[in-house]
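For reference, the chains in residue letters:
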Amino acid sequence: MSPQKMSVRRVAVVGGARIPFARSDGPYATASNQQMLTAALDGLVERYGLQGPGAVDEFVAGAVLKHARDFNLARETVLGSGLHPSTPAYDIQQACGTGLQAVIAAANKIALGQTDSAVAGGADTASDAPLGVNDSLRRILLEVRRAKSPGARLKALAKVRPGHLVPDIPRNAEPRTGLSMGEHAAVTARAWGIPREAQDRLAATSHQRLAAAYERGFFQDLVVPFHGLARDQNLRPGSTVEKLASLKPVFGLGHPDPTMTAGNSTPLTDGAATVLLASEEWARERGLEPLAYLTAYETAAVDFVGGDVAGGEDGLLMAPAYAVPRMLGRAGLGLDDFDLVEIHEAFASQVLATLAAWEKRGLGTVDRARLNVAGSSLATGHPFAATGTRIVATLAKLLAERGAPARGLISVCAAGGQGVTAILERA
């Protein structure tokens, strides 16, 4: 018997829910990844009536900064949430692309008919980052565990010195270069000649647009209060180019005329976000109107160690400059075919370098009136694994507001020289 031809179904973005994002060591300082992700998931469960056995087929989520206790984060989140305990769950991680990759993983199963519905999510806390045991102390403790007698254990413990008690504090640095993400971005900013004023203008616009979106009630059905917050804590509605111009540079200080400041860079952030995906049939049976459909996605990576880093082509955060042209080529689309463009704002300079790279590759220019129209990470904040799901839910609702037809592009850069991109559409 010949195998049946497998049909591919459209994947609907039904809605999203997230908690307000908070600056690290602030309101969520004592909240864990699981607590934040559970709060975001419960907001989605309540909004779309997802209680009961079989309400959702699967939950996929992840975090970048994980404790050992988070080894089964998605499943433990389900068990502590309003979803039924029989809901399967699994973890995924691809640095800052985690949230969008969770969406893609869930969407693939729906498209192939393996599931009818799923929730994708992500959470991260920079406040509760795991502190590792000093590696030398770890080796001594393992030696103690392997010891066969009390004498051997005491001999191993006698090797402990005061310096061994200093914890291994996580660093925001690439293991292969030792440079932080900000320092990598500063290299790319110099390579592309991104001016300070343009970075500050992008950052100010992000804050202004996020504030305007809150004021018109856009986030009323996307954001659920948590730990006393009802809005993103990093939001500065009064941000202006003039105010941002007064800030001192914090990255690239070893070179003349550094341009990157705390104001045009994303702060360390705590938060969580979720998004509900389904087949058209599943949504129709429940009387739910899809906001948009996920129609294409692409990932890419660059050699940020040995590639053309000085020239800007292979900077740490430049993988979307390769992923988007490939994705658009497959889809037969150009940048002019998109009503809205969402570029994750890890740094203002990174967004501007990505736009310049797309233009250099012949994709054309992006009208700034279509770019991050409800603000993005510079204003919202960036809990690493939550950003992708935040963007999917936000863009889907923005497209729904415009009515059909409408199309949106998502571009997310990630640590390790990677990028995750996608297309949302309303037919």
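What counts, and at which threshold
- Residues numbered from 1 in each chain as written.
- Predicted model: local features only at pLDDT ≥ 70, side-chain atom pairs only at ≥ 80, totals over all residues.
- Heavy atoms only, no water.
- Helix = DSSP H or I, 4+ residues; strand = E, 2+ residues; numbered from the N terminus.
- Salt bridge = Lys/Arg side-chain N within 4 Å of Asp/Glu carboxyl O.
- Buried < 20%, exposed > 50% of the residue type's maximum accessible area, 1.4 Å probe, protein only.
- Pairing = 2+ DSSP bridges.
- Right-handed = clockwise from strand over helix to strand, strands pointing away.
- Expected span 1.5 Å × (residues − 1).
- Contact = heavy atoms within 4.5 Å.
- Core = buried A, V, L, I, M, F, W, Y, C linked by side-chain atoms within 4.5 Å.
- Phe/Tyr/Trp six-rings, centres within 6.5 Å; stacked < 30°, edge-to-face > 60°.
- Lys NZ or Arg CZ within 6 Å of the ring centre and 35° of its normal.
- Polar contact = N/O pair within 3.5 Å; in protein donor to acceptor, adjacent residues only side chain to side chain.

## A closer look at the environment of Gly228
Here is step 1: Here Gly228 shows up in the loop between α7 (196-215) and α8 (241-244).
Here is step 2: Between the alpha carbons of Gly228 and Tyr28 there is a distance of 9.5 Å; along the sequence they are 200 residues apart.

## Focus: the pattern of salt bridges
Here is step 1: Applying the stated criterion to the full structure yields 21 salt bridges.
Here is step 2: Linking Arg326 and Glu298 is a salt bridge whose minimum nitrogen-to-oxygen distance equals 3.1 Å. Taken together, the residues Arg326 in helix α10 (residues 320-331) and Glu298 in strand β9 (residues 292-301) connect sequence positions 28 residues apart.
Here is step 3: For Glu313, the salt bridge is made with Arg361, and the minimal N-O distance between the two is 2.7 Å. Taken together, the residues Glu313 in the loop between β9 and α10 and Arg361 in the loop between α11 (348-360) and α12 (377-380) connect sequence positions 48 residues apart.

## Some remarks on the pairing of strand β3 (residues 59-62)
On a regular strand, each side chain points to the face opposite its neighbour's, so the side chains alternate between the two faces of the sheet.
Here is step 1: Taking every second residue as pointing to the same face, both faces of β3 are buried, with Phe59 and Ala61 on one and Val60 and Gly62 on the other.
Here is step 2: Sheet analysis places β3 next to strand β4 (residues 89-91), joined by three bridges and oriented parallel. Bridge pairing links Phe59 to Ala89 in β4.
Here is step 3: For the handedness criterion, the β-α-β arrangement of β3, helix α2 (residues 73-79) and β4 is classed as right-handed.
Here is step 4: As paired strands, β3 and strand β5 (residues 117-124) are joined by four bridges and run parallel to one another.

## Some points on helix α6 (residues 181-192)
Given 3.6 residues per turn, any residue in an α-helix points the same way as the ones three and four places further on.
Here is step 1: In a regular helix each residue adds 1.5 Å, so twelve residues correspond to 16 Å; α6 covers 17 Å between its end C-alpha atoms and thus fits that length.
Here is step 2: Met181, Gly182, His184, Ala185, Ala186, Thr188, Ala189 and Trp192 are the residues of α6 that are buried.
Here is step 3: Residues of α6 that are buried make contact with β6 (249-251), β7 (260-261) and α11.
Here is step 4: Immediately downstream of α6, the backbone of Gly193 shows phi near 65°, a positive value.

## Focus: the nonpolar core
Here is step 1: Ranked by size, the top nonpolar core spans 43 residues in total, and within it Leu100, Leu277, Ile410 and Leu424 carry the most contacts.
Here is step 2: In terms of residue count, helix α3 (residues 98-111) provides more of this core than any other element does, eight residues in total.
Here is step 3: Formed by 36 residues, the second largest nonpolar core is a distinct cluster that contains Leu44, Tyr48, Leu73 and Ala272.

## Describing the packing of aromatic side chains
Working definition: an aromatic ring pair is given by the centre-to-centre distance plus the angle between the planes.
Here is step 1: Under the defined criterion, the tally for this structure stands at four aromatic pairs.
Here is step 2: When the ring of Tyr28 is compared with that of Phe226, the centres are 5.0 Å apart and the planes differ by 70°; the resulting orientation is edge-to-face. Here Tyr28, found in the loop between β2 (22-23) and α1 (33-48), pairs with Phe226, found in the loop between α7 and α8; they are 198 residues apart in sequence, far enough to count as distant.
Here is step 3: By relative accessible area, which is 0% here, Tyr28 ends up buried.
Here is step 4: Here Phe218 and Phe219 contribute two aromatic rings whose centre-to-centre distance is 5.0 Å and whose plane-to-plane angle is 85°, an arrangement assigned as edge-to-face.
Here is step 5: For Phe218, a relative accessible area of 1% gives the class buried.
Here is step 6: Given a relative accessible area of 5%, Phe219 falls into the buried group.
Here is step 7: In this structure an aromatic cluster arises from ring pairing among Tyr214, Phe218 and Phe219.
Here is step 8: Across the ring face of Phe219, the terminal group of Arg18 is positioned such that the distance to the ring centre comes to 5.5 Å.
Here is step 9: Positioned above the aromatic ring of Phe218, the side-chain terminus of Lys397 is 4.6 Å from the ring centre.

## Focus: the side chain of Ser279
Here is step 1: Mapped onto the fold, Ser279 is located in strand β8 (residues 269-279).
Here is step 2: One polar contact links the side chain of Ser279 to the main-chain amide nitrogen of Trp282, over a distance of 3.1 Å.
Here is step 3: Each residue touching Ser279, except ones within four places of it in the same chain, is listed here: Arg9, Arg10, Ile110 and Asp116.

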